[in-house]
Amino acid sequence: MIKIAQEQPSAGIYSGERTIDGLVVMYKGAPLTKLLALDETSNDDFEWGYEGDSPARLAHALLLHRTGDPAVADAFSIRLMVQFVAKLDNEWEVREGQLDRLIEEIQQSTPALSCVRGSENMLSPNAVGSTCHRTCLARAPKFGLRVQVHH
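Residues numbered from 1 in each chain as written. Predicted model: local features only at pLDDT ≥ 70, side-chain atom pairs only at ≥ 80, totals over all residues. Heavy atoms only, no water.

Asks: When you look at the overall build of the chain in this model, what are you seeing that I'm missing?
Replies: Looking only at helices and strands, the chain has five helices and eight strands in total. Secondary structure elements of the chain occur, N-terminal to C-terminal, as β-β-β-α-α-α-β-α-β-β-β-α-β. Taking all 151 residues of the chain together, 36% fall into the buried category. Contacts in the chain between residues far apart in sequence, at least 24 positions, make up 58% of those at least 6 positions apart. Per element, the accessible surface of the chain, about 8,600 Å² overall, is 50% carbon and sulfur. (Helix = DSSP H or I, 4+ residues; strand = E, 2+ residues; numbered from the N terminus. Buried < 20%, exposed > 50% of the residue type's maximum accessible area, 1.4 Å probe, protein only. Contact = heavy atoms within 4.5 Å. Areas by Shrake-Rupley, 256 points an atom, 1.4 Å probe, with all protein chains shown as cover.)

Right, dumping it as structure tokens:
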């Protein structure tokens, strides 16, 4: 079981375990599926301990619950799955503070998007609003990239 360094007692804890009735993922004692208004059978879609679709769904759910931002969950779920969810044991728990630090680390280590057409940087202030500029911004989260615009 992965145990996390002691934090404030009021901090929320995410936990998962394999039971005779299936997999259970909780936050502060409540099923994560209920907190995210997911179908109860969604717990069956969560997995951990390896890389794959079901562990990626768990990573997505953790990100969505922690950040409240679907774009962040979409952009970083694969990285969270690889760096964290795939390494979890059968029973696990993680404090929200540790998950926050991991999310921040993943976001900071994500390469910035470079969008250039010819010699024109499409993320420059002069390109704002152009079709290519909007395309670059729209594609960035899909590929887990963060956009850095220098003014």
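Asks: Any chance you could explain the environment of Leu64 here in plain terms?
Replies: Note that Leu64 resides in helix H2 (residues 53-67). With 10 residues separating them along the chain, Leu64 and Asp74 place their C-alpha atoms 8.5 Å apart. Residues in contact with Leu64, not counting those within four places in the same chain, are Leu36, Asp69, Pro70 and Ala73.

Asks: What is the right way to look at the packing of H2 against helix H4 (residues 96-109) in this model?
Replies: When two helices pack together, their arrangement is given by the angle between their axes and by how far apart the axes lie. Put simply, H2 and H4 touch, their axes get as near as 11 Å, and they point 105° apart. If you check the angle between H2 and H4, you find them roughly perpendicular. Mapping the contact onto sequence places Leu62, Leu63, Arg66 and Thr67 in H2 and Glu96, Leu99, Asp100 and Ile103 in H4. Of the residues assigned to the contact of H2 with H4, the class counts are four nonpolar, one polar and three charged. (Axes fitted to C-alpha atoms, helices over the stretch in contact; angles between N-to-C directions. Parallel < 35°, antiparallel > 145°, perpendicular 65-115°, else oblique. Nonpolar A, V, L, I, M, F, W, Y, C, P; charged D, E, K, R; others polar.)

Asks: Any chance you could explain the confidence of the model for the chain here in plain terms?
Replies: Detailed conclusions should not be drawn from predicted coordinates in areas where pLDDT is low. Looking at the chain, pLDDT values average 74 and 61% of them are 70 or higher. The weakest mean pLDDT in the chain belongs to strand S7 (residues 120-121) at 46; the strongest belongs to strand S4 (residues 92-95) at 95. Every residue in residues 1-10 scores below 50 in pLDDT, and together they form 22 contacts with partners more than four places removed in sequence or on other chains. Counted against residues more than four places away or in other chains, residues 116-133, with its pLDDT under 50, gives 27 contacts. (pLDDT = per-residue confidence, 0-100.)

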